[in-house]
Amino acid sequence: MRYTTLKYALDGRIARITLNRPQRLNAINRKMPGEIRRAIEAANDDDRVHVIVLAGAGRAFCAGYDLKAFAETKGTNPAIQDMPWDPMQDYKVMKAWTEDFFSIWRSYKPVLCKVQGYAVAGGSDIALCADIVVMAEDARIGYMPARVWGCPTTAMWVYRLGAEKAKRMLLTGDTIDGKTAKAWGLVYDAVPASKLDATVNALAKRMAGVPKNQLMMQKLMINQAYENMGLAGTQMLATLFDGITRHSPEGLWFKRYAEEHGFHEAVKWRDSGKPIPEGRKQT
């Protein structure tokens, strides 16, 4: 199978899926969500594979959705409509991409995610779908679009952190480093960057010695506990809210500012802590 946004390789009992847009810090374009799903499905269909390692090429795991394509480029695209907008059209697109990412969570074979550099915005959506996340200590994770133009559609923050720490992250849009993410219980481990590959490989090899049916049963049992907590309903609400954030007065301001000044300047404002312009007068 051919991919344009990632690489797929078999390494004994381990399938390695590597996001491969390093020149854009592996930012998510229109093709990446579906290709992630197809790669996960290929690993699940391969009887040789016991464990999947998900990684990113270059300096970062994933820097989120490619705002140069979705925010800076003038006009409509799958993430932004002319007003008045159709929330169900938006939901259909974003829910499909969320389901693509959630193929990681629903994979019958365990998925380990290796994070260097950044797993931010939509990149954190992808990483937090994995069964186990290992970060470099100096890597950053967070969901900055919580300040404007986004709501995390996979909704994994509260399930991994609990209510208070999830609110701490999503009511500010701050990022935290790997050491803090480990201390808070957001990720399993954080190690020096020089030891990241070795740590992930050792854990993957340890799991790869377990029969596939045992891995599948343990994962299904644990995941079901989260389903019983209402994960599907939370994701539906999050995905609807995500569409609203992009078509609210403030969301339209962000899109217009990115078109006029470039997405780097729009992101700089968003992440700086400066107040986000509010109200319909901004549209």
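You'll find the structure just up there.
So, here is what we can say about the structure in this document.

1. Comments concerning the sheet that holds strand 7 (residues 140–142)
Here is step 1 of the chain: With respect to topology, 3 strands assemble into an open sheet ordered 5-7-8, the strand pairing being mixed. Looking at the sheet topology across the chains shown, the edges are occupied by strand 5 (118–120) and strand 8 (175–177). Taking the axes of each pair of neighbouring strands and ignoring which way they run, one obtains an average angle of 20° across the sheet.
Here is step 2 of the chain: Note that strand 5 and strand 7 share 3 bridges and pair parallel.

2. Topic: the packing of aromatic side chains
Here is step 1 of the chain: Under the definition given, this model contains 13 aromatic pairs.
Here is step 2 of the chain: Consider the rings of Phe 70 and Trp 97, whose centres lie 5.9 Å apart with planes at 65°: the pair is edge-to-face. Of this pair, Phe 70 sits in helix 2 (residues 67–72) while Trp 97 sits in helix 3 (residues 87–106), and the two are 27 residues apart along the sequence.
Here is step 3 of the chain: Residue class for Trp 97 comes out buried when judged on its relative accessible area of 10%.

3. Observations regarding the pairing of strand 6 (residues 132–136)
Here is step 1 of the chain: Taking burial as the measure, the 5 residues of strand 6 include 5 buried ones, the bulk of the element.
Here is step 2 of the chain: Neither face of strand 6 is left uncovered, since the one carrying Ile 132, Val 134 and Ala 136 and the one carrying Val 133 and Met 135 both have all their residues buried.
Here is step 3 of the chain: Bridge analysis of strand 6 against strand 9 (residues 189–191) gives 3 bridges, and the strand direction is parallel. From the neighbouring strand, Met 135 faces strand 9, where its bridge partner is Ala 190.

4. Notes on a nonpolar patch on the surface
Here is step 1 of the chain: On the surface, a cluster of nonpolar side chains totalling about 280 Å² of accessible area is made up of Leu 237, Phe 241 and Ile 244.
Here is step 2 of the chain: Secondary-structure assignment places Ile 244 in helix 10 (residues 231–247).
Here is step 3 of the chain: Judged by relative accessible area, Ile 244 falls into the partly exposed class, the value being 43%.

5. Regarding the pattern of salt bridges
Here is step 1 of the chain: Under the defined criterion, the tally for this structure stands at 18 salt bridges.
Here is step 2 of the chain: We note a salt bridge from Asp 131 to Lys 219, for which the minimum N-O separation is 2.8 Å. Note that Asp 131 is positioned in the loop between helix 4 (122–127) and strand 6 and Lys 219 in helix 9 (residues 212–228), a separation of 88 residues in sequence.
Here is step 3 of the chain: Judged by its relative accessible area of 9%, Lys 219 falls in the buried class.
Here is step 4 of the chain: A salt bridge links Lys 255 to Glu 259; its shortest N-O distance comes to 2.4 Å. Taken as a pair, Lys 255 and Glu 259 lie in helix 11 (residues 249–261) at a separation of 4 residues, close to a single helical turn.
Here is step 5 of the chain: By relative accessible area, Lys 255 is classed as buried at 4%.
Here is step 6 of the chain: In the salt-bridge network here, residues are joined through shared partners; they are Arg 21, Arg 24 and Asp 66.

6. Here's the deal with the sheet that holds strand 6
Here is step 1 of the chain: Ordered in space as 1-2-3-4-6-9, the 6 strands form an open sheet in which the pairing is mixed. Unpaired on one side and paired on the other, strand 1 (6–11) and strand 9 mark the two borders of the sheet. Averaged over all neighbouring strand pairs, the angle between strand axes comes to 20°, with direction disregarded.
Here is step 2 of the chain: Direction of pairing for strand 3 (residues 51–56) relative to strand 4 (residues 111–115): parallel, over a ladder of 3 bridges. In the sheet register, Ile 52 faces strand 4, and the bridge partner there is Val 111.
Here is step 3 of the chain: Where helix 1 (residues 32–45) meets the sheet, it contacts strand 1, strand 2 (14–19), strand 3 and strand 4, and its direction lies at approximately 10° from that of strand 1.

How each quantity is defined
Residues numbered from 1 in each chain as written. Predicted model: local features only at pLDDT ≥ 70, side-chain atom pairs only at ≥ 80, totals over all residues. Heavy atoms only, no water. Pairing = 2+ DSSP bridges. Helix = DSSP H or I, 4+ residues; strand = E, 2+ residues; numbered from the N terminus. Axes fitted to C-alpha atoms, helices over the stretch in contact; angles between N-to-C directions. Phe/Tyr/Trp six-rings, centres within 6.5 Å; stacked < 30°, edge-to-face > 60°. Buried < 20%, exposed > 50% of the residue type's maximum accessible area, 1.4 Å probe, protein only. Patch = residues over 30% accessible without salt bridge, like charges linked within 9 Å, V, L, I, M, F, W, Y side chains within 5 Å. Areas by Shrake-Rupley, 256 points an atom, 1.4 Å probe, with all protein chains shown as cover. Salt bridge = Lys/Arg side-chain N within 4 Å of Asp/Glu carboxyl O. Contact = heavy atoms within 4.5 Å.

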